[in-house]
Amino acid sequence: MSLLRLEALSKKFGDHWALKEIDFSIGQGEIIGLVGPNGAGKTTLFNLITGRHRSNSGRVFFAEEDITSCRPHEIHRLGISRTFQSSRPFAKMSALENVVVGCVFRAEFHLFTRATDIDTAKQLLELVGLSHKVVTPAGDLTLSEQRRLDLARALASQPRLLLLDEVVAGFSPLAVKQAVELVRRVRERGVTLFIIDHFLSLSLRVSDRLLALDHGEKVAEGSPQEVMRNREVIRAYLGMRYEDEQHGA
Amino acid sequence: MSKAKAKNQRVKQFHLTKVALALGLVLLLLLPVLSHYSDYVLQVFTHALLLATLALAWNILSVSGSISLGHAAFFGVGAYGSALLSLDLGVSPWVTIPLGGLLAAAVAMIMALLCLRLRSAYFALATLAFVEIPKVITDNWNGLTRGSLGLVGLPGLPSLRLGSYHFDISGSPTGSYYFVLCYGLVLLLLVAVIFRSNLGLALQAIREEEVAAEAVGIQVQQYRLLSLLLSGFFTGITGACYAHLVRYIEPGLVYGLHFSAIPMVFAICGGRFTILGPALAALVLYPLDQFIFHPLLPAGHEFLYGAVIILAILFMPSGFWGRLRKGHLVSIKTGSIE
């Protein structure tokens, strides 16, 4: 049984098809890399899954439930969390408060009582290596710290599916290595991961399967090795001439 | 070592502010005695406390990131609603004051339908224009509101009896003062509960980053609406109290820009993201204005508010209380001192 299933999902911005008829499914416990050049439609796909944008046609199923027209907070409460391409911290709130906010608004909570998930939040900050920044306002963290805070906040709701949008963009090789470790630890908690990774530095190392998009269309899916040998993928990333040299004559 | 020292200093400062606050509260409680029951001093502080409740109520909306310039609509509707119900139907002000608050909340609902899809400056401008709706209606519906002449001779607050003890409210400046002080303390407590609750966390998250707030399960528009309704309700209560304490209202006064702008001035000077800041600023600035600047400059004493708001925005954007509290409202205790 698939955890997430996309059926002929399409999105149009003006006259431009950002996504065209995407079919794909993700099984429980998988790590899927979503790759493709700039403008391929990767973030748009995340925005459709999380309800931030409405699709023009097609359907999204989560645990066999149709969530195509659900609002973002409803989708979050069903168990899908995400991080953002450029992290979006609650800047004036402390790192701890950021993560606590992630903990609170699940299926059941009381609006007028105080948050009680402080220990959970502290553990998550430790998991992402921010336990020394608990009281620091999120806006004062470095960019890589903010990304990790984003991740802790997304994990706080104990999601079943976690969508990571470019978590390692701009990271040093060492930081990428740490991120690989982190992603594996997250998977050990039973979380299914869908990872956008433009430069493939993370997804090639951790993914079970890759989904490759170009100009809003699915060009390949399969194991990382298969997808990386795919002609369409090579053309999308490296252009026509390179592909011709490889396969031509 | 230096870190421990800095922490030590913060602990010291924390205790100092606590002591100062306790002292301030004692002074407020003893004010009638300390001022030798001076009518003038008590009237000034009664009004300062009313303005403090206005600033507290305004801040319930402001903490979610929406700056309103239209709270005079709630103040005026609360004042007129309660005044007319008590005047025409003879209902006790103890009943009509909460009804005035509910009427103001109903008006807040209308404001929400018209303005709440807007953000930042657009929201502020729309609310500024919105005040004209209830104002024009009140001004012109002569049959109901007596129009622009206003209402005079409003019933005061009946005295409370506790056994043989008789607590006079409207008849004596001391009674009025203690009544408003009680209301102020209750509202302060409510604001503290709201700000430190999950709702408070949600409102702050919405203020900081709406898209992320939505993505962590927060119902952005519902909670913005709730904060506007709560804010409007308590502003209406304050307007109703004002009507029965001053016992004279007219549209130009209660719907005036003054009551829209003054809570913003106090909130920004005291600290928008703090619980106490707006109330403290009202209790400091209004008496300062009345006791010092008014005698010096009878015609232009309100320049004080203009000056302090410019100074605050330039040099202390988080307000003086916000600055003492390290610039951000901390809802969650972490074991250390924030």
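All of these numbers come straight from a predicted model, not from anything done at the bench.

Next up on the list: the interface of chain B and chain A. Across the contact, 27 residues belong to chain B and 35 residues belong to chain A. Broken down by secondary-structure element, the contributors of at least two residues to the side of chain B that touches chain A are helix H8 (173-196), helix H9 (198-208) and helix H10 (210-215) of chain B. Split into classes, the residues belonging to the side of chain B that touches chain A amount to 13 nonpolar, 9 polar and 5 charged.

Take unusual backbone geometry next. Residues and elements named next belong to chain A. A positive phi angle, near 45°, is found at Ala8, a position not held by glycine. Assignment of secondary structure puts Ala8 in strand E1 (residues 2-13). A positive phi is found at Glu166, a non-glycine position, where the angle reads about 50°. The topology assignment puts Glu166 in the loop between strand E7 (161-165) and helix H6 (173-188).

Residue and element names in this part refer to chain A. With 5 of 5 residues buried, E7 lies mostly within the body of the structure. Residues Leu161, Leu163 and Asp165 of E7 are buried on one face, and the alternating residues Leu162 and Leu164, pointing to the opposite face, are buried as well. As paired strands, strand E6 (residues 80-82) and E7 are joined by 3 bridges and run parallel to one another. Bridged to Ile80 within E7 is Leu161. Sheet analysis places E7 next to strand E8 (residues 192-196), joined by 5 bridges and oriented parallel.

So, about the domain arrangement of chain A. Residue and element names in this part refer to chain A. Taken as a whole, chain A is organised into domain 1 (2-79 + 159-247) and domain 2 (87-153). Each of domain 1 and domain 2 has a C-alpha centre, and the two are 25 Å apart. Each partner contributes residues to the interface: domain 1 has 6 residues there, and domain 2 has 7 residues. The element best represented in the side of domain 1 that touches domain 2 is H6, accounting for 3 residues. Of the residues belonging to the side of domain 1 that touches domain 2, the class tally is 4 nonpolar, no polar and 2 charged.

The rules behind each value
Residues numbered from 1 in each chain as written. Chains lettered and ligands numbered in written order. Predicted model: local features only at pLDDT ≥ 70, side-chain atom pairs only at ≥ 80, totals over all residues. Contact = placed C-beta atoms within 7 Å. Helix = DSSP H or I, 4+ residues; strand = E, 2+ residues; numbered from the N terminus. Nonpolar A, V, L, I, M, F, W, Y, C, P; charged D, E, K, R; others polar. Buried ≥ 20, exposed ≤ 12 C-beta atoms within 10 Å, placed from the backbone. Pairing = 2+ DSSP bridges. Domains from an automatic or database assignment.

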